[in-house]
Amino acid sequence: MAKGNTYTGTGRRKTSVARVTLTPGSGKITINEHDVNDYFTNKILILDLCQPLDVTNTRDMFDITVKVRGGGLSGQAGATRLGITRALLDYDKTTAPDSENSFRKVLKSNGFITRDSRKKERKKPGLKKARRAPQFSKR
C-alpha cells in the first residue's frame, strides 16, 4: 500500500466511501479539495474524524488528503475516520502489533479499527418505511 512516503487507507460507513492519503507534513486536512472546516461545518464531525490522530499523537505529522463519495456528512466523517485509521496502520506496519507503542494496540483499544456495518434497512412492500405500517382504521 505504501508508495514512497505516502500511506493510504479506505474507509466505509453507511453508503459513504473515503480514500485517504497521508503524506508527511504539517497537519493540513483536505477533503474533496476543500479545507476540512469548509467541508464539515459541524465541529463535532471534525473532532470525530481527527480522533485517531489525537490518540496516536500524530495530528501535526501528516497532511491528509481525502476523496469521499456517497452518503451524508455523518457517514462521510465516519468513513474518513476509518480511512485515517487504516492509513495510520499502513504507516506503522513495521512495528510489532503486540508492542506497547504500536498504533494498532492503541487504535484497537479505542475501537477505531472496527468498521461500523450498520446500514439503512430496505423498505418492505405494503409498509410506508422499513417497519412503519399504515395507520389502522376500524371504520
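For the structure, see preceding data.
First things first, this report covers the structure right here in the doc. (Residues numbered from 1 in each chain as written. Predicted model: local features only at pLDDT ≥ 70, side-chain atom pairs only at ≥ 80, totals over all residues. Heavy atoms only, no water.)

1. What to know about the sheet that holds strand β3 (residues 29-31)
Rules: Any two strands between which DSSP finds at least two bridges are classified as paired. Numbering of helices and strands runs from the N terminus; a helix is a DSSP stretch of H or I covering at least four residues, while a strand is a stretch of E covering at least two. In what follows, a contact means two residues having at least one pair of non-hydrogen atoms within 4.5 Å. With axes taken as lines fitted to C-alpha atoms, and helix axes fitted only over the stretch in contact, angles between N-to-C directions fall between 0 and 180 degrees.
Spatially, the 5 strands line up as an open sheet ordered β1-β2-β5-β3-β4, and their pairing is mixed. Of all the strands in the sheet, just β1 (7-13) and β4 (34-35) have a single pairing partner and so form its edges. Note: strand β2 (residues 16-24) against strand β5 (residues 62-69), 8 bridges, orientation antiparallel. Within the sheet, the bridge partner assigned to Pro24 lies in β5 and is Phe62. Most of the contacts of helix α3 (residues 73-91) go to β1, to which it runs at about 150 degrees, and overall it touches β1, β2 and β5.

2. Some words on a positive patch on the surface
Going by this rule: The patch calculation keeps residues exceeding 30% relative accessible area without a salt bridge and links them within 9 Å when they carry like charges or within 5 Å when they are nonpolar (Val, Leu, Ile, Met, Phe, Trp, Tyr). We get accessible surface area from the Shrake-Rupley algorithm with a probe of 1.4 Å; when it comes to residues, only the shown protein chains can shield them. For this analysis, a salt bridge means a side-chain nitrogen from Lys or Arg found within 4 Å of a carboxyl oxygen belonging to Asp or Glu. When charges are counted, Lys and Arg contribute as positive and Asp and Glu as negative, whereas His and the chain ends are disregarded. Here the site of a charge means atom NZ of a Lys, CZ of an Arg, CG of an Asp or CD of a Glu. With a 1.4 Å probe rolled over the protein chains alone, any residue whose accessible area is under 20% of its type maximum counts as buried; one over 50% counts as exposed, and the rest are partly exposed.
Side chains of Lys120, Lys128, Lys129 and Arg132 sit close together on the surface and give a patch of like positive charge. With respect to the element layout, Lys128 can be found in the segment after α4 (103-109). Take Lys128: its relative accessible area is 53%, and that puts it in the exposed class.

3. What to know about the pairing of β2
The sheet contact formed by β1 and β2 spans 7 bridges and is antiparallel. Within β2, the position partnered with Arg12 by the bridge is Val17. Here β1 folds back onto β2, and the loop between the two strands holds 2 residues, one of which, Lys14, carries a positive phi near 55 degrees.

4. Topic: the packing of helix α2 (residues 43-55) against α3
Put simply, the rule reads: An angle counts as roughly parallel when it lies under 35 degrees, as roughly antiparallel when it exceeds 145, as roughly perpendicular when it falls between 65 and 115, and as oblique in every other case. Gly is placed with the polar residues, together with every amino acid not listed as nonpolar (Ala, Val, Leu, Ile, Met, Phe, Trp, Tyr, Cys and Pro) or charged (Asp, Glu, Lys and Arg).
Close contact between α2 and α3 brings their axes to 8 Å; oriented N to C, the two are set at 10 degrees. Looking at the two axes, α2 sits roughly parallel to α3. Listed contacts from α3 to Leu45, Asp48, Leu49, Gln51, Pro52 and Leu53 of α2 are Leu73, Ser74, Ala77, Gly78, Thr80, Arg81, Ile84, Thr85 and Leu88. When its residues are assigned to classes, the contact of α2 with α3 shows 8 nonpolar, 5 polar and 2 charged.

Read these as geometric descriptors, not functional statements.
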